[in-house]
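# Observations on the three-dimensional arrangement
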Amino acid sequence: MKTKNKLVLALALLAAVLVVPALIGSSYIHSIIITICIYSIFAISYDLLLGYTGIVSFGHTVYFGVAAYVVAFTTVKLHWPFLAAVGMVIVVCVAISFIFSLVTLRTKNVYFSMVTMAIGQLFYVMSTKLYAITGGDDGLPGVKSIFPNKTVFYIAAVLILVCVYLFSKRLVNSPAGRVLQGVKENDARIGMLGYNTFKFKSIVIQISGLLAGLAGILYVNLNGIATPSILNSSMTLQILFMVILGGVGTLHGPVIGAAIMQIASIVLSGFTTRWMLIFGIGFVVVMLFFPKGVAGVFDRFSQPNQLRKE
Amino acid sequence: MDNITENILELHDVETFIGQYHILFGVNITVRKGSATVLLGRNGGGKTTTLETISGLRPPFAGTILLDGKDIAGLPAYEIIQSGVGYVPEDRDIFSDLTIEENLLISSRKGNDYDKRLELVFELFPDMKKYFKKKSRILSGGQAQMLSISRALINDNKLILIDEPSKGLAPILIRELIDRINIIKKDNTVLLVEQNWEMATSVGDYFYIVQDGMTVFECTKEELLADDTIKQKYLGV
Amino acid sequence: MKSAMKKSYRYIALVLAILMIGALALAGCNKSEPAAGSSAAPAAGSSEAAEEPEVTGPPIKIGLLNETSGAYEQWGKMELQGFFSGLYYATDGTMAIDGRPLEVIVEDTTCDVGVGVQKATKLLEDDKVDILSGTCISSIALAVMDMAAEKGVPYVINCAASDDITGANFNEYTFRTGRNLTMAAEAGLGFLNEDEIEGTTWVVLAPDYAGGRSGGESLGAGVEARGGKVLDYIYPPMDCTDFTSYIQKIKSLNPDYLCAAIVGNNFIVKFPQQLKELGALDNGMQYVTSIADFDFLKTVGEAGIGQIGEALYHYNCWDTPANDALIQIHQELYNGEYPDFWAGESFVGAQAIVLGIQKAGGTDGQAFIKALEGLEFESVKGTYIIRAEDHQALQPMAVGRIISDGNGGATVEAAAIIPLEGMTFPVTAPGRA
């Protein structure tokens, strides 16, 4: 498909997503769209690591969850203004990405993934045990949304998602982005070209962490509460599914994956209480036949002349 | 003519471990500017390890490595590379997902006159121009080798390290490559490891025999060609 | 040729997979009722039903958040069935109040906070329910209660037990008719008089997670407040299967009472079994623990006979007209099933909602609040009073004892009933004491 046509299609889709739900006027649908946007941003941040830099982190939800808790704690318990809370989130996310960067230095591949999972679970356990600060299992409620209503919120969420997407696209197509893709393919070789791979990986870990933190801020605005469940490794796995289902290494794939998972769970749970089982089977089937994810399906149709040398 | 070193690279008593294995026991090499120096020797002698040590891929255990007078022993690879070293590994190792253009762009360092160097690359390897925008996974073995060398060439490096350039190439391609390297070595000094006798002697100006992790013999091209016993004694041919 | 063959195998596999999914979906469809999102009252056909009442006004919409699917779906089922039974009872079978029919919209939270909030958004903003109710999960309740208050919709919580709901997170639109964790802990000890606890020694045991620890601490605090001494707190991990080392420790401490806040199969079954096996109960140590639902009784079986503890609700413990009605209506509506556990609380919540609307003469939020504050009414466990300060329903609590049901299984009898006056926990809602 020509680039110009692609752009027109994208703009039309964007306009539809912005306008149609407002016309329908259902807050429920608005909240679903907001949720999709939140998980899309989260999934894009994960794809930057997984699909472009080749970093398989099982602790990524730490940023998401901690951001939610920081906002909840600072605004509800300390009565800080919202912008101050956001500032704190940035500080904390940078600190956490520093920790993860150090891990990349010391460990490789499987060991890296295991360590990141351990870090993730550490934060989860802290959230359940430090109940003086975190409210324990029940979580920290009482967060007031900065958006006056769901309509304004969803429009803002869509626009934020578009910005995140464009920013990420810019990043991966930049010279620095190419280096990252080189890191994914062969870390040592990129070093042999004169690139300080640690520096590059640190930067992408930081950016990805901040984006996940942004998703966490939006999450706690929507739900009004931060609970340990968002720090659990099952959350990271959910995001992993979204990215792979939608198409890893594409940036639009994660958005598709997030949308599919949200909508499928809602539609399916309306039919049966066994929807999770069906979803799991469906997921396996899709992966068997479309290993590049849903985005891969469309790619096949748009590039028939691609040279293949398998 | 002060402060211009004649030797672009000097190794003094370099020792290297791989894991717990003591591979290099004392390597002494001098690479003169504007020439091609060849490391010869049987398999497993430590030739590739020597190149890896120079490039920073493996930190040396002992010894000094002077690049243009500056000791680079123990520096991380990216710093050594940024000091003006190009590395062409044995397995080519190009980024197959990227196009030729992207492979070259990514190799081009800050401050490099990319366009000028690209012209040189196109002159030496016209196939690079032909497939410039194509993904490099479509290249044949020989073309991949050319790309690998082009990547080292895209920067005006002081020194280019090449590990077995003729490996897997058809004889006609080897002869073309000999011509190219003879051109390259003048402006960008070359240090190569080579098993192929024809290439080694057509390109090399100075030779070191590396055996059991040590440099055991050195000579010029003339000396090597004049004395058959060297070949028999060290290379078992 | 080979790859073409492979391709057709793939498509066969794909078709089979689709068929399998379809079959599962159909099988799942006939499961529990009502399916999420529906607004049906369960099929009547009960002798309680009066004649079709005349409709004199717009329907009253009640939104019910429910754990219809997910880890807690058994509890969701109990809450749902008790709730409808309560509506039935309170409206004399008409499912209408003052000529306005009741429309109950049930939404599945899937045990997830995010989904719970989405569904609450739907109920509050799209369906515009007059009254909101439901959920067993405290974090969902805590998130939703803020939303309901913002919309000015009263929210009656039947089951979710966190103290903060009527404590630190209090708002005037939220009511809770179920018991909170402090009440549960108090009841657990309430069967002993002050003199009986005074001077006694205790060991408190709970699984090592936030709920277990806070439950354990409440128990310990209750003991010490009554003059007892807690020798030790023991927190085995939640997935512990071999309690030998912990039991040895308990034996060596030799307390008068062993009190456990238990959750999870291993604790419920294996722990008492191992206690017996290791002879820990031979010295007269009394084992005190919460008594839960039918599943709990089935799993603990013979090993549990003799256990004493707080019983949130078991139909055999109460002798009131409302309880009899609950059992009867529940069995009529739900294939002869006895009401279980949470049903005893959601029945009360439903009843309170109906009473509130009747007393307020409509569904205006502020009027409803005024109607419920201080409301005293008779229900399953006897007299309930909704405390005006924190909207928590004061109520009698049962201490149950597990006994044999004569059929090799276990049931519960009331070892002691703590009257409403015996519940003395303080008001912790900020600014409301």
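The written sequence of each chain sets the order in which its residues are numbered from 1. Chains carry letters from A onward and ligands carry numbers from 1 onward, assigned in written order. Two thresholds apply to this predicted model, a pLDDT of at least 70 for residue-level local features and 80 or more for giving and counting side-chain atom pairs, whereas whole-chain, interface and lining totals are computed over all residues. For side-chain calculations, the full set of non-hydrogen atoms in the structure is used, while hydrogens and water are omitted.

Moving on, we get to the state of the cysteines. Put simply, a disulfide is two cysteine sulfurs that come within 2.5 Å. Enumeration over the complete set of coordinates arrives at zero disulfides over all chains. No disulfide involves Cys37(A); its nearest neighbouring cysteine sulfur is the one of Cys163(A), lying 12 Å away. The cysteine Cys259(C) is free of any disulfide, with Cys317(C) supplying the nearest cysteine sulfur at 18 Å.

Contact between two residues is taken to exist if any of their heavy atoms lie within 4.5 Å; hydrogens are not considered. Counting residues at the interface gives 15 residues for chain A and 27 residues for chain B. For the pair chain A and chain B, the summed buried area comes to about 1,900 Å², and 59% of that belongs to carbon and sulfur atoms. The term salt bridge refers to a side-chain nitrogen of Lys or Arg lying within 4 Å of a carboxyl oxygen of Asp or Glu. Run the count over chain A and chain B and you get zero salt bridges. Contacts described as polar in this section are N or O atom pairs within 3.5 Å, which, within protein, must combine one atom able to donate a hydrogen with one able to accept it, while residues neighboring in sequence count only if both atoms come from side chains. At the junction of chain A and chain B, the tally comes to three residue pairs in polar contact (both at pLDDT 80 or more). The term buried area refers to how much accessible surface (probe radius 1.4 Å) is lost by two components on association, counted for both of them together.

So, about the packing of aromatic side chains. By convention, a stacked pair of Phe, Tyr or Trp rings (six-membered ring in the case of Trp) has centres within 6.5 Å and planes under 30 degrees apart, an edge-to-face pair has planes over 60 apart, and any other such pair is tilted. Counted under the stated rule, the structure contains 23 aromatic pairs over all chains. Between the aromatic rings of Trp75(C) and Trp342(C), the centroid separation amounts to 5.3 Å while the plane-to-plane angle is 80°, which identifies the pairing as edge-to-face. With Trp75(C) in helix H2 (residues 73-90) and Trp342(C) in the loop between helix H11 (321-333) and helix H12 (343-360), this pair connects stretches of sequence that are 267 residues apart. On the basis of relative accessibility, which here comes to 5%, the residue Trp342(C) falls in the buried class. An aromatic cluster is built from Tyr39(A), Phe42(A), Phe64(A) and Tyr219(A), whose rings are joined through pairwise contacts. Its guanidinium or amino end placed over the ring of Tyr206(B), Arg32(B) lies 4.3 Å from that ring's centre, counting from NZ or CZ. Note on criteria: charge over ring means Lys NZ or Arg CZ within 6 Å of the ring centre, with the direction from the centre no more than 35 degrees off the ring normal. The ring of Phe425(C) carries Arg387(C) above its face, with NZ or CZ at 4.6 Å from the centroid. A run of H or I in DSSP becomes a helix once it reaches four residues, and a run of E becomes a strand once it reaches two; helices and strands are each numbered from the N terminus. Each residue is assigned to one of three classes by its accessible area relative to the maximum for its type, calculated with a 1.4 Å probe on protein chains only: buried under 20%, partly exposed between the two thresholds, exposed over 50%.

Bringing the pairing of strand S1 (residues 60-66) of chain C into the picture now. Look at any regular strand and the pattern is simple: side chains alternate between the two faces of the sheet. Residues and elements named next belong to chain C. Burial within S1 is extensive, with six of its seven residues counted as buried. Sheet topology note: the S1/strand S3 (residues 100-108) ladder contains seven bridges and is parallel. Along S3, the bridge assignment pairs isoleucine 62 with valine 104. By the convention used here, strands pair only if DSSP detects at least 2 bridges between them. In terms of strand pairing, S1 meets strand S4 (residues 131-134) through four bridges, oriented parallel. Bridge pairing in S4 links isoleucine 62 to isoleucine 131.

Moving on to the sheet that holds S3(C). All names here are of chain C. One open sheet accounts for six strands, arranged S2-S3-S1-S4-S5-S6; its pairing is mixed. The open sheet has two free edges, formed respectively by strand S2 (96-97) and strand S6 (174-176), since each of these has just one partner strand. The pairing of strand S5 (residues 155-157) with S6 spans three bridges and is parallel. In the strand pairing of S6, valine 156 is matched with phenylalanine 175. Where helices are involved, their axes are fitted lines through C-alpha atoms of the stretch in contact, as for all axes, and angles between N-to-C directions lie from 0 to 180°. The sheet strands contacting H2 are S1, S3 and S4, and the helix crosses S1 at an angle near 160°.

What follows concerns the side chain of Asn223(A). Relative to the helices and strands, Asn223(A) is located in helix H10 (residues 197-223). Judged by relative accessible area, Asn223(A) falls into the buried class, the value being 3%. In this structure, Asn223(A) is in contact with Val113(C), Gly114(C), Val117(C) and Ala143(C), ignoring residues within four places of it in sequence.

Moving on to helix H1 (residues 3-24) of chain A. Between its first and last C-alpha atoms H1(A) spans 31 Å; for 22 residues at 1.5 Å apiece the expected length is 32 Å, and the two agree. After H1(A) finishes, the residue Gly25(A) shows a positive phi value of roughly 75°. Take the residue count of a helix, subtract one, and multiply by 1.5 Å to get its expected span.

All right, on to the environment of Gln143(B) then. All names here are of chain B. Summarising the element assignment, glutamine 143 is placed in helix H6 (residues 141-153). Sequence separation between glutamine 143 and methionine 128 is 15 residues; the distance between their C-alpha atoms is 7.9 Å. Sequence-distant contacts of glutamine 143, defined by excluding residues within four places in its chain, comprise Asp127, Met128 and Tyr131.

All names here are of chain C. For the purposes of this description, domain bounds are those given by an automatic or database domain assignment. Parsing chain C into structural domains produces domain 1 (60-179 + 318-395) and domain 2 (183-311 + 399-422). Domain 1 and domain 2 are separated by 30 Å when their C-alpha centres are compared. Each partner contributes residues to the interface: domain 1 has 15 residues there, and domain 2 has nine residues. Summing the contributions of domain 1 and of domain 2, the shared interface buries around 1,000 Å²; its carbon and sulfur component is 69%. Our count for the contact surface shared by domain 1 and domain 2 stands at one salt bridge.

Attention shifts here to the packing of helix H3 (residues 100-107) of chain B against H6(B). Residue and element names in this part refer to chain B. In contact at an axis separation of 8 Å, H3 and H6 are set at 30° when each is read in the N-to-C sense. With respect to H6, the axis of H3 lies roughly parallel. Two packed elements cross with a definite hand, and for H3 against H6 that hand is right-handed. Contacts between H3 and H6 involve Ile100, Asn103, Leu104 and Ser107 from the former and Leu147, Ser150 and Arg151 from the latter. When its residues are assigned to classes, the contact of H3 with H6 shows three nonpolar, three polar and one charged. Throughout this description, any angle smaller than 35 degrees is read as roughly parallel, any larger than 145 degrees as roughly antiparallel, any in the 65 to 115 degree range as roughly perpendicular, and the remainder as oblique. Helix crossings get a hand from a simple test, with the near helix turned counterclockwise from the far one by less than a right angle marking a left-handed crossing and a clockwise turn marking a right-handed one. In this classification, the charged set is Asp, Glu, Lys and Arg, the nonpolar set is Ala, Val, Leu, Ile, Met, Phe, Trp, Tyr, Cys and Pro, and all remaining amino acids, among them Gly, are polar.

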